[in-house]
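Below, each chain spelled out in residue letters.
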Amino acid sequence: MSKSKTRVLILSASAGAGHVRAAEALQKDFLVHPAVADGGEVQHWDVLKYTNAVFRTIYSKMYLDLVNRAPWFLGMVYDRTDKPWKKSFAQAFEKFNAGPFVRAFHHYKPDLVVCTHFTPPNVIHWLNEKSRGKLNIRPAIVVTDLDCHAMWLTRSYSHYFVSLNETRIYLERMGIDPARITVSGIPVDPVFRIHKDKTETRHQLQLDPDRFTILVSAGGFGVGPIETLIAQLQTMNRLSDSRGAQIVAIAGKSEELKGRLDRLAKKIPHGAHVRLYPIGFTKQMDDYMAAADILLSKPGGLTTSEAMARGLPMCVVNPIPGQEERNSDHLLEAGVAIKCNNPPTLAWKIEELLRTPGRLETMRHRAKQFGKPHAGETIIKTLLG
């Protein structure tokens, strides 16, 4: 390959889906940039695929298990490791699993490295130290939560990209060069930039165009079966008018959950005030967000960014202690979300929102202002011009 052709490497880690989705979105934007499209190359690697099976299990599967079964433990770990510039056991453990990744890295020889997870920058910093400065890799780092945990901090960086001015200030106070920090937002798929009419999209998705539409992202809520939340939503009967409501429940890759939701939907009478539409794995989340009036979900960084790019207000339910709680705080402070701490009050919370004339529309307007659908373009323009 000619030296004039840009070779880009995007690094993520599949501990949760958000870091990978951000990397995939960023890759799509890189592919259309002239420096890459004109004979260059961009690859996306999940660094966990270069570690041994035991480490992958601990890092990804155990994380998801804890999300569902012991979120309090994740919160404790999050708080105890949020010590700026302190080396942690996790960082040390990553170094002992770096061998296959290092060999692949040297073989590819990227001109530009971009990280959407905190593990790769830590490994790269260790490589720089090991080579005593000869390697001199300085990755760009895209923080994929609204807040910034200390694990994202590294001395080996070329640029930081964050979601909020508050996060920028935090990095500056931690000693990061202000000239190397950009408030870009978190990269989302380019489809979220395309305006879609709500009524038309509902028709395309075979939804009732007139009903109040609640999109439920059925990730690990940590509050028991998703049926609990849907059962509460079905008690809604005091909407702003008599049009009724419809729940679109996304089961994702869980066929077992999709089956449970299908059976629940069949039990609901056809003329019910609140209808249920179970959806399995889908690549149309942008369409479902365009069709919805409110998103009921955990406030992960990517889910939040996608919703805000669509101007979609959120109802946050029982966020995971740690990063999701912090994300939730920022959303509430910005006036783009409400929060439900107890599932039995869920229907009442949404009804209260609708009782106040103009409140939901104000939240939509603020969500559009809060969203940064062009984050990927901003990042690439900063790095490549």
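Counting its secondary structure elements, the protein contains 17 helices and 12 strands. Taking 385 residues into account, the globule formula puts the C-alpha radius of gyration at 21 Å, and the protein, at 22 Å, falls close to it. Seen through its C-alpha atoms, the protein measures out along the principal axes to roughly 70 × 45 × 40 Å. Expressed as a percentage of its 385 residues, the buried residues of the protein come to 53%. Sequence-distant contacts in the protein: of pairs separated by 6 or more residues, those separated by 24 or more amount to 68%. Total accessible area computed for the protein in this model is approximately 17800 Å², and 52% of it derives from carbon and sulfur atoms. Positive and negative charge centroids in the protein, built from 51 and 38 side chains respectively, lie 5 Å apart.

Here we come to the pattern of salt bridges. Here the structure, examined in full by the defined rule, presents 22 salt bridges. The residue R364 makes a salt bridge to E361 at a minimum N-O spacing of 2.7 Å. Of the two residues, R364 and E361 are both situated in helix α16 (residues 359-370); the distance of three residues between them amounts to about one turn of the helix. Through salt bridges with shared partners, one network takes in K198, R202, D293, E361 and R364.

The next subject is the sheet that holds strand β5 (residues 159-162). Sheets are built from strands paired through backbone hydrogen bonds, the pairs being either parallel or antiparallel. Taken together, six strands build an open sheet; the order of strands is β2-β1-β3-β4-β5-β6 and the sheet is parallel. With partners counted over all chains shown, the strands left at the sheet margins are β2 (41-46) and β6 (181-183), one partner each. Across this sheet, the average inter-strand angle for adjacent strands is 20 degrees, counted without regard to direction. Contacts from helix α7 (residues 119-130) reach β1 (7-12), β3 (112-115) and β4 (140-142) within the one sheet, and its direction differs from that of β3 by about 135 degrees. Lying over the sheet, helix α17 (residues 375-384) contacts β3, β4, β5 and β6, oriented at roughly 165 degrees with respect to β5.

In this model, the protein carries a mean pLDDT of 86, and residues with pLDDT of at least 70 account for 91%. A low-confidence stretch, residues 220-224 stays under pLDDT 50, and its non-local contacts, those more than four residues away or across chains, total 19 contacts.

In this section: helix α1 (residues 18-31). Taking 1.5 Å of rise per residue, 14 residues should cover 20 Å, and α1 covers 20 Å from first to last C-alpha, within 8% of that figure. Listed in full, the buried residues belonging to α1 are H19, V20, A22, A23, A25, L26, D29 and F30.

Another point: the side chain of R202. As for its placement among the helices and strands, R202 is situated in helix α9 (residues 198-204). A distance of 2.7 Å separates the side chain of R202 from the backbone oxygen of A291, its partner in a polar contact. Those residues within four positions of R202 in sequence are excluded, and the remaining contacts are L207, D208, P209, D210, R211, T213, Q246, A291, A292 and D293.

What follows covers the environment of S14. Structurally, S14 is set in the loop between β1 and α1. Owing to a relative accessible area of 29%, S14 belongs among the partly exposed residues under this scheme. Along the backbone, S14 and L48 are 34 residues apart, and their C-alpha atoms lie at a distance of 6.8 Å. Side-chain polar atoms of S14 contact the side chain of D46, separated by 2.6 Å.

For the rest of this paragraph, the subject is a nonpolar patch on the surface. On the surface, a nonpolar cluster with roughly 270 Å² of combined accessible area is contributed by V54, I58 and M62. Tracing the backbone shows M62 in helix α3 (residues 53-69). Judged by relative accessible area, which is 43%, M62 ranks as partly exposed.

Calculation notes
- Residues numbered from 1 in each chain as written.
- Predicted model: local features only at pLDDT ≥ 70, side-chain atom pairs only at ≥ 80, totals over all residues.
- Heavy atoms only, no water.
- Helix = DSSP H or I, 4+ residues; strand = E, 2+ residues; numbered from the N terminus.
- Rg over C-alpha atoms; globule rule 2.2 N^0.38 Å.
- Buried < 20%, exposed > 50% of the residue type's maximum accessible area, 1.4 Å probe, protein only.
- Contact = heavy atoms within 4.5 Å.
- Areas by Shrake-Rupley, 256 points an atom, 1.4 Å probe, with all protein chains shown as cover.
- Lys, Arg positive; Asp, Glu negative; His and termini not counted.
- Charge placed at Lys NZ, Arg CZ, Asp CG, Glu CD.
- Salt bridge = Lys/Arg side-chain N within 4 Å of Asp/Glu carboxyl O.
- Pairing = 2+ DSSP bridges.
- Axes fitted to C-alpha atoms, helices over the stretch in contact; angles between N-to-C directions.
- pLDDT = per-residue confidence, 0-100.
- Expected span 1.5 Å × (residues − 1).
- Polar contact = N/O pair within 3.5 Å; in protein donor to acceptor, adjacent residues only side chain to side chain.
- Patch = residues over 30% accessible without salt bridge, like charges linked within 9 Å, V, L, I, M, F, W, Y side chains within 5 Å.

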